Amino acid sequence: MANNTTGFYSNPIVKWIEYRLPIFSTLDHVVGSQYPAPKNLNYWWNFGSLAGLCLVIQILTGIVLVMHYTPQTSLAFDSVEHIMRDVNYGWLLRYMHSNGASMFFVAVYIHIFRGLYYGSYKAPRELLWWLGLVIFLLMMATAFMGYVLPWGQMSFWGATVITNLFSAIPVIGEPIVHWLWGGFAVDNPTLNRFFSLHYLLPFVIVGVVVLHVLALHQHGSNNPLGIDTKGPQDKIPFHPYYTIKDLFGIGLFLLFFGYWLFYNPNGLGHPDNYIPANPLVTPAHIVPEWYFLPFYAILRSVPDIWFIEAKLAGVIAMFGSILILFVLPWLDTSKVRSAKFRPIYKQLFWVFVLACIGLWYAGGQPPEGMALVIGRVCTIYYFLHFLVLLPLVGWFEKPLKLPASISEAVLKGDAAPGAAGSKA
Amino acid sequence: MAGTATQKAGTTEPTRRDFIVVAAGAFGAVGAAAALWPFIDQMNPSEDVLALSSTEVDLSQIEVGQSLTVLWRGKPVFVRHRTKAEIEAAEKDDNADLKDPQRDEDRVQKPEWLVLVGVCTHLGCVPLGEQGEYHGWFCPCHGSVYDTSGRIRKGPAPKNLAVPQYTFLTDTRIRIG
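Keep in mind it's a predicted model, so treat the numbers as computed, not measured. (Residues numbered from 1 in each chain as written. Chains lettered and ligands numbered in written order. Predicted model: local features only at pLDDT ≥ 70, side-chain atom pairs only at ≥ 80, totals over all residues. Heavy atoms only, no water.)

I'd like a description of the packing of helix H6 (residues 126-148) of chain A against helix H9 (residues 188-219) of chain A, backed by residues and values.
Residues and elements named next belong to chain A. Between H6 and H9, the shortest axis-to-axis distance is 8 Å and the interhelical angle comes to 160°. As the angle between them shows, H6 and H9 are arranged roughly antiparallel. In this structure, the crossing between H6 and H9 has a hand that is left-handed. (Axes fitted to C-alpha atoms, helices over the stretch in contact; angles between N-to-C directions. Helix = DSSP H or I, 4+ residues; strand = E, 2+ residues; numbered from the N terminus. Parallel < 35°, antiparallel > 145°, perpendicular 65-115°, else oblique. Left-handed = near helix turned anticlockwise from the far one by under 90°.)

Set out below in structure tokens:
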């Protein structure tokens with residue numbers, strides 16, 4: 001620890017602090033000039049820092065919203081309306097928070113699919129991938145509980161339906177549900193604990209993000225070619241090259257965010273959530289927020305399987321669809337990371353994306369007719385992709401020839417034809 | 001001599017110190033687990049929630065063919081004054097192909113009064129009355145269909161609508177819970 005890092009800085013105040021607390025050199029090594037990153041990262045590598053930005057926005061807006069919100073069943077809905085109508089800039093802060101959640105999921109979903117396409121989950125980055133999945137699970141729990149807080153109809157019935165999932169567990173299901181509720185239905189105790197956890201979990205996410213970044217720095221970023229960096233000629237310092245690139249991406253992302261925030265702030269929500277919660281009347285069509293629709297589709301697509309009734313089978317399939325991602329590094333038997341050099345996997349990846357879009361569509365429709373068929377076909381394909389296709393493709397696929405190094409591929413410019421996807 | 005003796009004891013059989021370490025560790029672990037329990041149990045229904053677990057309903061205001069929905073333990077309870085036709089339909093289907101077989105007479109105390117927890121056994125939505133194929137209840141969330149006895153007939157729900165514990169206090173008054 002006692003390495004002399006002060007000589008690196010010229011500002012006397014920075015020097016004075018650095019001598020006592022090596023904060024500047026630490027930052028430099030995490031996101032600064034002392035962190036070498038592969039020189040060929042494309043724009044798909046922007047979404048990690050964008051997700052980080054979203055987390056910061058959610059925490060900041062959340063903290064100030066709590067200054068005006070009341071977690072009590074008879075007051076919660078009105079306190080949200082109070083924020084919208086009376087609190088200075090309350091409407092802006094609440095819309096930033098509710099739409100910010102959607103932006104967070106946009107960034108994280110693209111970040112995950114980036115990882116799937118370029119094989120970022122493969123050795124030696126398995127734990128980095130796991131930590132990312134843990135963040136994803138925590139995000140889903142946080143978003144779900146946050147959606148309950150305004151205590152509208154969708155809040156209440158969404159909470160009822162999702163907590164009832166646990167009643168599918170044999171024997172201990174019902175005690176677990178009563179424990180989650182703190183009563184015999186979703187009520188004030190439920191609202192209070194969801195509020196408490198909704199405030200806590202984002203900080204837990206921050207903690208896991210720190211581990212995620214720590215794991216990232218152990219072997220550095222993956223890159224569009226998926227080959228290891230071989231030396232300094234393959235790398236450029238994170239600052240200023242990627243800080244400025246990330247900043248540019250943030251600018252574009254904020255424009256996208258701004259569209260929803262200022263021109264369509266309720267476009268991603270559901271109008272029924274502007275009706276106060278009523279435990280006696282269920283809305284005709286309960287749908288979760290858009291970012292949960294694919295999982296909701298899987299939940300509803302599964303029929304009775306042998307002796308397992310549909311309710312339990314659906315719950316197992318839904319949780320399984322995420323848990324299966326934890327074993328992905330071992331299901332994918334190919335040693336080649338990037339889909340750029342995997343002609344068959346590359347096509348399967350896009351079919352998989354289509355299946356996810358199909359699930360997303362089916363999750364928003366009532367489970368009948370064509371939507372149910374689409375939901376079932378896509379659910380089967382989702383699991384087929386991971387459990388059958390990926391292990392097999394790794395065996396019989398003949399990967400294209402990998403470039404000798406990043407620097408060779410980048411400088412010759414012909415090893416990665418058209419740099420596919422790099423500027424999309 | 002003494003030195004080699006203790007060394008031998010240290011490698012072959014547990015010493016007094018080993019015993020203290022294991023015992024203290026185990027005792028500490030039990031203590032920590034016991035201290036954890038209040039943090040878990042505080043989330044279970046509290047005394048006041050448990051205390052609010054009965055509701056009385058005056059039946060005299062419910063005409064034949066009408067239903068009343070009351071709130072019991074935060075859940076809706078349907079009290080339905082069934083028509084002759086509904087009772088007949090329910091009894092006729094006692095031997096039909098039921099997912100959760102139960103006879104109508106086992107679900108009522110008096111055939112004209114049907115008391116049900118109005119919570120779909122699938123994922124907890126409130127079914128709509130006098131709707132669906134069997135003119136019983138229909139759940140709008142995921143399409144479960146219940147008959148005039150509140151038995152599951154179609155859709156994803158696994159069980160019949162639950163019958164809560166209730167007692168007739170008088171001919172026109174029941175207490176649920």
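Having put the structure on the table, let's press on.
Report on the layout of surface pockets, specifying residues and quantitative values.
All names here are of chain A. Taken as a whole, the largest pocket holds about 1200 Å³ of empty space. If you trace the largest pocket, you find 46 residues lining it, with Gly48, Ser49, His212, Val213 and Leu216 closest to the centre. Looking at the lining of the largest pocket, the elements with two or more residues in it are helix H2 (23-31), helix H3 (47-66), helix H5 (90-118), H6, H9 and helix H10 (238-263). For the lining of the largest pocket, the per-class residue count stands at 29 nonpolar, 13 polar and four charged. (1 Å grid on protein atoms, 1.4 Å probe; cavity = no way out; pocket = protein on both sides within 12 Å on 5 of 7 lines; lining within 4 Å. Points joined across faces, edges and corners; volume = space filled by probe spheres on them. Nonpolar A, V, L, I, M, F, W, Y, C, P; charged D, E, K, R; others polar.)

Which residues make up empty space enclosed by the protein, and what values go with them?
Residues and elements named next belong to chain A. For the structure on display, the rule yields three cavities of 30 Å³ or more. The volume enclosed by the largest cavity comes to roughly 40 Å³. Lining of the largest cavity is provided by Ala297, Arg300, Ser301, Ala362, Pro367, Ala371, Leu372 and Gly375. Elements that contribute at least two residues to the lining of the largest cavity include exactly helix H11 (293-301) and helix H15 (369-396). Counted by class, the lining of the largest cavity contains five nonpolar, two polar and one charged residues.

How would you summarise the sheet that holds strand S7 (residues 145-146) of chain B if you had to cite specific residues and measurements?
Residue and element names in this part refer to chain B. With respect to topology, four strands assemble into an open sheet ordered S5-S6-S7-S8, the strand pairing being antiparallel. Only two strands of the sheet have a single partner each, and these edge strands are strand S5 (128-131) and strand S8 (152-154). Two elements, S7 and S8, share two bridges in a ladder whose sense is antiparallel. Within S8, the position partnered with Tyr146 by the bridge is Ile152. (Pairing = 2+ DSSP bridges.)

Just give me the short version of the packing of aromatic side chains, but keep the residues and values in it.
All names here are of chain A. Applying the stated criterion to the full structure yields 40 aromatic pairs over all chains. Measuring from centroid to centroid gives 6.0 Å for Phe105 and Tyr109, while their planes differ by 40°, and the two rings are tilted. Linking Phe105 with Tyr109, this pair stays in helix H5, spanning four residues, or about one helical turn. Among the residues examined, Phe105 registers a relative accessible area of 2% and is labelled buried. Residues Tyr117 and Tyr118 carry aromatic rings whose centres are separated by 4.8 Å and whose planes lie at 80° to one another, so their mutual orientation is edge-to-face. Like Tyr118, Tyr117 is buried. (Phe/Tyr/Trp six-rings, centres within 6.5 Å; stacked < 30°, edge-to-face > 60°. Buried < 20%, exposed > 50% of the residue type's maximum accessible area, 1.4 Å probe, protein only.)

So what's going on with the interface of chain A and chain B? Which residues, and what values?
Counting residues at the interface gives 25 residues for chain A and 24 residues for chain B. Surface buried jointly by chain A and chain B totals about 2200 Å² across both partners, of which 67% is contributed by carbon and sulfur atoms. Our enumeration of links across chain A and chain B arrives at zero salt bridges. In this assembly, chain A and chain B are joined by five residue pairs in polar contact (both at pLDDT 80 or more). Secondary-structure elements contributing two or more residues to the side of chain A that touches chain B are helix H7 (153-164), helix H8 (173-181) and H11 of chain A. When residues in the side of chain A that touches chain B are grouped by element, the largest group, four residues, is from H7 of chain A. The residue inventory of the side of chain A that touches chain B, partitioned by class, reads 15 nonpolar, six polar and four charged. (Contact = heavy atoms within 4.5 Å. Buried area = accessible area lost by both parts, 1.4 Å probe. Salt bridge = Lys/Arg side-chain N within 4 Å of Asp/Glu carboxyl O. Polar contact = N/O pair within 3.5 Å; in protein donor to acceptor, adjacent residues only side chain to side chain.)

If you had to explain unusual backbone geometry to someone new, which residues and values would you point to?
One can expect most non-glycine residues to show negative phi and most peptide bonds to be in trans. All names here are of chain A. Going from Ala123 to Pro124, the amide bond is cis rather than trans, its omega being 5°. Counting through the fold element by element, Pro124 comes out in the loop between H5 and H6. Going from His239 to Pro240, the amide bond is cis rather than trans, its omega being 10°. Note that Pro240 resides in helix H10. A positive phi is found at Trp151, a non-glycine position, where the angle reads about 55°. One can find Trp151 in the loop between H6 and H7. The class for Trp151 is buried, based on a relative accessible area of 6%. Look at Val171: it is not a glycine, yet its phi comes out positive at around 65°. Here Val171 lies in the loop between H7 and H8.

Please give an account of the nonpolar core that cites residues and values.
If you look at soluble globular proteins, the nonpolar side chains tend to sit buried side by side. In this structure, Phe105, Leu116, Phe136, Tyr382 and Phe386 of chain A are the most contacted members of the largest nonpolar core, which totals 126 residues. Counting residues per element, this core draws most heavily on H5 of chain A, at 14 residues. When neighbours within four sequence positions are excluded, Phe105 of chain A is seen to be in contact with Phe136, Met139, Met140, Ala143, Trp290, Tyr291 and Phe292 of chain A. The next biggest cluster of nonpolar side chains, apart from the first, holds 14 residues, and it includes Val57, Trp72, Trp113 and Ile174 of chain B. (Core = buried A, V, L, I, M, F, W, Y, C linked by side-chain atoms within 4.5 Å.)

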